[in-house]
Amino acid sequence: MTGGQVAGLIAAIAFLILVLFIGMFLVKMNKTLGEVNRSMKSMTSDIDVISHQAEDIMANANELLTDVNKKVATIDPVFQAAADLGESVSDLNTVTRNLTDRVGVTAKKTAKTSMAARVSKTAFDLYRNRKNKN
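Cut-off values and rules
- Residues numbered from 1 in each chain as written.
- Predicted model: local features only at pLDDT ≥ 70, side-chain atom pairs only at ≥ 80, totals over all residues.
- Heavy atoms only, no water.
- Helix = DSSP H or I, 4+ residues; strand = E, 2+ residues; numbered from the N terminus.
- Buried < 20%, exposed > 50% of the residue type's maximum accessible area, 1.4 Å probe, protein only.
- Areas by Shrake-Rupley, 256 points an atom, 1.4 Å probe, with all protein chains shown as cover.
- Lys, Arg positive; Asp, Glu negative; His and termini not counted.
- Charge placed at Lys NZ, Arg CZ, Asp CG, Glu CD.
- Salt bridge = Lys/Arg side-chain N within 4 Å of Asp/Glu carboxyl O.
- Expected span 1.5 Å × (residues − 1).
- Bend = angle between axes of the 7 residues up to and from the residue.
- Patch = residues over 30% accessible without salt bridge, like charges linked within 9 Å, V, L, I, M, F, W, Y side chains within 5 Å.

*Asks:* Explain the overall build of the protein to me, please; I cannot follow it from the model alone.
*Replies:* The number of helices and strands found in the protein is 1 helix and 0 strands. In terms of overall dimensions, the protein has C-alpha extents of about 185 × 35 × 15 Å along its principal axes. Burial status across the protein gives 0% buried among its 134 residues. Within the structure as shown, the protein displays about 12,200 Å² of accessible surface, and the carbon and sulfur contribution to it stands at 66%. For the protein, the distance from the average position of its 17 positive side-chain charges to the average position of its 13 negative side-chain charges is 29 Å.

What follows is the structure in structure tokens.
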């Protein structure tokens, strides 16, 4: 065997090893791409399910919001009536205080008048008794 043949044999062996490594790399790459494909199909399926569930949740949330808005609109008059009742009670308290003040003033005047009437009656009785004794 000559030097050129040995060099050619070494080159052929190196090329064969290179082809084997490339072949193993391509087989592993094919397996990896197959797994990636399966993962992508699985994720696409899961995302479709999640998307459908999210749409259902949004539809339910919209229905719930509409229901709550209707119920709040129904309850609004009750709160308005309670506010009006509170205002009426406050007005009643004010009127009652004013009436109590007036009654107190009238009672004081009546007491003064009553006292004056008693004093007058006593004075008149004394005057009559004195006149009768004379």
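*Asks:* Honestly, the pattern of salt bridges in this entry has me stumped. Any pointers?
*Replies:* A side chain with one charge can pair with a side chain of the opposite charge if their charged atoms come near. The tally for this structure, following the rule as stated, stands at 3 salt bridges. Measuring nitrogen to oxygen at the nearest pair gives 3.4 Å for the salt bridge that ties Arg 128 to Asp 125. Here Asp 125 and Arg 128 lie together in helix H1 (residues 3–133), a separation of 3 residues that amounts to about one turn. On the basis of relative accessible area, Asp 125 is assigned to the partly exposed category, the value being 25%.

*Asks:* What am I meant to see in H1 here?
*Replies:* Think of an α-helix as 3.6 residues a turn; residues three or four steps apart then line up on the same face. An ideal rise of 1.5 Å per residue puts 195 Å on 131 residues; H1 measures up with 181 Å between its terminal C-alpha atoms. At Ile 75, H1 is deflected by roughly 30°, the largest bend along its length, and proline Pro 77 occurs up to four residues later in sequence.

*Asks:* How do you make sense of a nonpolar patch on the surface when you look at a structure like this?
*Replies:* The grouping of Met 1, Val 6, Leu 9, Ile 10, Ile 13, Ile 17, Phe 21 and Met 24 at the surface amounts to a nonpolar patch, some 820 Å² of accessible area in total. Counting through the fold element by element, Ile 13 comes out in helix H1. Under the relative-accessibility criterion, Ile 13 is labelled partly exposed at 43%.

Read these as geometric descriptors, not functional statements.
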